[in-house]
Structures are given as C-alpha cells and as structure tokens.
Amino acid sequence: MTTPTHLAPPDISLRAMLRLAGPIFIANIAIIGSGTIDTIMGGQLGREHLAAIALGISATISVLMGLVGILQGLSPVAGHHFGARKFGDIGIDAGQSLWLVLCFSMIGVPLLMATDFWIELGGASGEVARMASQYMFWTALALPGSMAARVYISLNAAVSRPRVTMYVSLAMLALKVPLNAVFMYGFLGCPAMGGAGAGVSFFVLTYLSLIAYWVIWRRDPYYRAMHAPGFVMPEAKRLWNLLKIGVPMGLCTFFEVSSFTLMAIFVSRLGPTIISAHQIVANLTSMCYMIPLSIGIATSVLISQSLGARWPGVAYACLKRTLRVMVTIAVIVSVALYLFRDAVVWLYTGEAQVHDLATALLLFGCLYHVFDALQSVSGFALRGYRVTFAPMIIFGVMLWGVGLGLGYQFAFGAEWAGGPYGVYGFWGSTSVGLLLTGVSLTAMAIWVGRQFAKDDRHTPEEIASASGLKL
C-alpha cells in the first residue's frame, strides 16, 4: 500500500482527547479495581490474608509489568502505522509481539514460580507465606495470557478503539467479586482458599479476557484491514524495531511499578499491620494515578498518529494542551484525596490501627500526585515521539535510586539522620523521587516536542487550524 502524499492529522481537541482517554480510564479503573476488590475482600478476612495478597500482587506486578512494558512498544509503532494509513503493517507487528509473548513467558513464568525467593524477600512466614505462595502459583500460570491480552490492549489504544478494552475490562470486573467469593470463601463446593483464592480468580479472568480480545480482533469489521495476510512468522527487522522501542519502555515501566511493589515486599518485614496499611494507600494512590495514566496513553496515541501523518506541529500542540489540563485535574484530585482520606480508608479496613497508619501515609500521596501526573503524561508523550532511552535513565535514577534506594536506607537505617523511620522512610523518599521525575520528564518532553515541531513543513496557520480551532 502506498502512503498518501497529504494526510489529515488526528483531532487533538479536548473533546477528542477525552473521547479517547475516557474509555482508557474506565478500562484502567476496572483493571485496578480488580486489585481493589482483592484488597477489600482480603481485608475483611483479616490482616494475614491482606498481607498475603499484598505480597502476591507485588511479586506478580514486578514480573508482569516489566515484560508488558516491552510489549507496549507496539503502541507507538501501530499508532504511527495508523496515522500513515499503513493498516496491513499493524497486524504484522501485532503478530511479532505475540512471538515476543512466547519468549517472555519462558522468562516470567519460572521467575514468578520461584515463590521461595519472593517469600524470603518479603520476610513472610506461616499462613501469610503459604497463601502468598499459592497466589503466585496461579498468577504465574496466568502470565502468558495476561501478556497476550496486553498486545490487544495496546492495539486497541493505538487505532483509536479503546472502547473494546473498556467493555472487556468491565465485564471481567463484574465477574471478579463472584469468582473471588467462590475461591476465597469456598462457595459452590470449592475449598475456601482465603487470600490465595484471589490468585485463582485472576487466572480464570485473564484467559477469559484474552479469548474476548481475540474474538473481537478476528470478527469485528473495523479491524479487517489491519489483519496480516496470513500466518505471521518472526521477522528480525520488525522484532528489533519493537524491542528497540519497547525495552527502554519496559525498563521505565519496571522502575516505576517495582519502586512500589518492591517497597511493599520490603515493608512486609515490618509486620501485617504495616503492610496492610501500605497496601491500602498503594491501592488508593494507584486509583488516582489512573487519570494521568489514561490521559498519558491518549496523548501518546495522538502524538504518534500526528507524526505518522507528518504533522509534528500538531503533536507539540497536543502535548502542551494535555500538560495544562493534567495539572488542573491533578490539583483537584489531590485536594479531594486530602479532604476525604479518613472516610475512604474506612472502606478498606475495620481495624483502627491499620486505618490510622493508612490515613497518615496517604498524606504523602496527596503531596506527590501532581508530579506523578506530570511524569506520566510526559513519559507517554515521549513514547509517542519514540524517545525512550533517556526517560529510562531518569526513571532508574529517580525512582530506584532516590525512591527505593534511599527509602530502604531511611526505613531500616539512617541513624545519622535520626532513623530508622520504618514505612515513613519509604513513602517520603518515593515522594521526592516522583517530584524529581515529574520535573525532569516534563522539561524533556517540552524540549523534544519543540525540536520535532521545527521540522513541520506546514504553515503556522495550517497547524493552528488543525490543532487550535477544534476546541
């Protein structure tokens, strides 16, 4: 297929942005809502069950998200194809991504199956260790399906079809509570597995969602032009292109996510009460993060589509508009989280000691949310520009070096500074790390966007018409 000589840019108006980000947000809320349901239902069973779920989720996400982050390299590639109207290439690159899923499964499944390593790392014992091991066994089996489903999720966003992900995610969320009840509480004749039962429901829902995505991809006429002409064999050039973009993205995701999941594993050493409070706050702040995450993904899609259509000036206008909107929303969310923190935490636990600690820790989330929002939107914008290596360095230094590294020192040592500070040391250092990350990535995204915009061959009037008059 030949590339058209003059392509229209995507609509980057606020309405179009929200139309794209809205379904992504709902889908992300549904996905994170699954963890919320696990946290609430486990918390009602007791702190040991909640601690086991927290440790199991932390280990699973640490392994899964780093590998999934690499697969997300498909999104800017497919978005660029979509903007350039090279529809057939989308299916071919999707096939390459599924070959990567097969390879990554050989790494991720054995790593997550090494439950003794994760249990020892978290310092768990007794019932907590037993339930966490069972949880990780089932999520390890779900790992290939979860990664394959993420390929279709990336595709849906890249081709402006996020509603598919939204509908599937909502359907899986609706099934989460009854499936948890079956496996956690022992309904319908199944043995009561407690916190470990949440891992079984994760396994079942993962493969149900994968089947749904595959059927929609094959049957929906919208995707027909994007299908590969036949069975897709591995192609070295395409695999290298995906890995060149995806590996730094995967490491960024790993640094970002594992700075929290490894923190949870280390916090497990401080006892069930503290890890329970930590898990509540981590889940709440993750829910808040879904807004900038969704807007960031939408920004990445629109930027990559604009570049594919050869409108870098429109891409830069999209970036600037998104940053302004995101700061406004993040400030509102931070204030609301601060005002209603006491009542919200009671939804998670009935234990006063856990509630009081979680309420205190939530103040850190109120403080860093604006910068967390900025780093999310800026980081995804840079992915749209296919700039991934420098952000990877920033994520590693700030989130692992400052956030996790210094956090560990202040949590378990730092006598020279009046420590140890326990869980407060982790959350304080993480807040500083996110602040520095947000400032650094925002400055980089603006600079990169400006450099790309300088090469736009359209007149300022044409760029203004394509970006500013569609409000």
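Coordinates for the structure precede this section.
No experiment lies behind these values; they were computed from the predicted model shown.

(A) Broad picture of the overall build of the protein chain. Assigned secondary structure in the protein chain consists of 16 helices and zero strands. Relative to a compact globule of 471 residues, whose C-alpha radius of gyration would be 23 Å, the protein chain shows 22 Å and is just as compact. Taking the principal axes of its C-alpha atoms as reference, the protein chain extends roughly 65 × 50 × 35 Å. Split into buried and exposed, the 471 residues of the protein chain put 59% on the buried side. Considering only residue pairs separated by 6 or more positions, the protein chain has 84% of its internal contacts joining residues 24 or more positions apart.

(B) View of the nonpolar core. In this structure, M147, L155 and W427 are the most contacted members of the largest nonpolar core, which totals 141 residues. Not counting residues within four places of it along the chain, the set of residues in contact with L155 comprises L74, A78, I90, A94 and W217. Core analysis: the second largest hydrophobic core is formed by seven residues, I37, M41, I53 and A198 among them.

(C) Here's a closer look at the packing of aromatic side chains. One pass over the structure, following the stated rule, counts 22 aromatic pairs. Ring plane angle 50 degrees and centroid distance 4.8 Å describe the contact between Y385 and F452, whose orientation is recorded as tilted. Of the two residues, Y385 sits in the loop between α13 (352-384) and α14 (389-412) while F452 sits in helix α15 (residues 423-453), which places them 67 residues apart along the sequence. Residue classification places F452 among the partly exposed residues on the basis of a relative accessible area of 31%. Aromatic side chains Y408 and F426 sit 6.5 Å apart centroid to centroid with 75 degrees between the ring planes, which places their arrangement in the edge-to-face category.

(D) Structural detail: helix α5 (residues 115-122). Among the residues making up α5, those that are buried are T115, W118, I119 and G122. For α5, the angular spread of buried residues about the axis comes to 100 degrees, placing them on one side. With respect to the buried face of α5, the exposed residues turned more than 90 degrees away are D116 and E120. Looking at the buried side of α5, the elements it contacts are α2 (47-71), α4 (87-113), α6 (126-158) and α9 (236-267).

(E) Structural context of the packing of helix α3 (residues 74-83) against α4. Axis separation between α3 and α4 bottoms out at 8 Å; the angle between their running directions is 165 degrees. Accordingly, the angle class assigned to the pair α3 and α4 is roughly antiparallel. Where α3 crosses over α4, the handedness of that crossing is right-handed. In contact with L74, V77, A78, H81 and F82 of α3, α4 contributes F87, D89, I90, D93, A94 and S97. Its residues placed into classes, the contact of α3 with α4 shows seven nonpolar, two polar and two charged.

(F) Region of the structure containing a nonpolar patch on the surface. A surface patch of nonpolar side chains, about 620 Å² in accessible area, is lined by V327, V331, V335, Y338, L339, F340 and L363. It is helix α11 (residues 312-339) that contributes the most residues to the nonpolar patch, five residues altogether. Mapped onto the fold, L339 is located in helix α11. Given a relative accessible area of 56%, L339 falls into the exposed group.

The rules behind the values
- Residues numbered from 1 in each chain as written.
- Predicted model: local features only at pLDDT ≥ 70, side-chain atom pairs only at ≥ 80, totals over all residues.
- Heavy atoms only, no water.
- Helix = DSSP H or I, 4+ residues; strand = E, 2+ residues; numbered from the N terminus.
- Rg over C-alpha atoms; globule rule 2.2 N^0.38 Å.
- Buried < 20%, exposed > 50% of the residue type's maximum accessible area, 1.4 Å probe, protein only.
- Contact = heavy atoms within 4.5 Å.
- Core = buried A, V, L, I, M, F, W, Y, C linked by side-chain atoms within 4.5 Å.
- Phe/Tyr/Trp six-rings, centres within 6.5 Å; stacked < 30°, edge-to-face > 60°.
- Arc of directions from axis to C-beta.
- Axes fitted to C-alpha atoms, helices over the stretch in contact; angles between N-to-C directions.
- Parallel < 35°, antiparallel > 145°, perpendicular 65-115°, else oblique.
- Left-handed = near helix turned anticlockwise from the far one by under 90°.
- Nonpolar A, V, L, I, M, F, W, Y, C, P; charged D, E, K, R; others polar.
- Patch = residues over 30% accessible without salt bridge, like charges linked within 9 Å, V, L, I, M, F, W, Y side chains within 5 Å.
- Areas by Shrake-Rupley, 256 points an atom, 1.4 Å probe, with all protein chains shown as cover.
- Salt bridge = Lys/Arg side-chain N within 4 Å of Asp/Glu carboxyl O.

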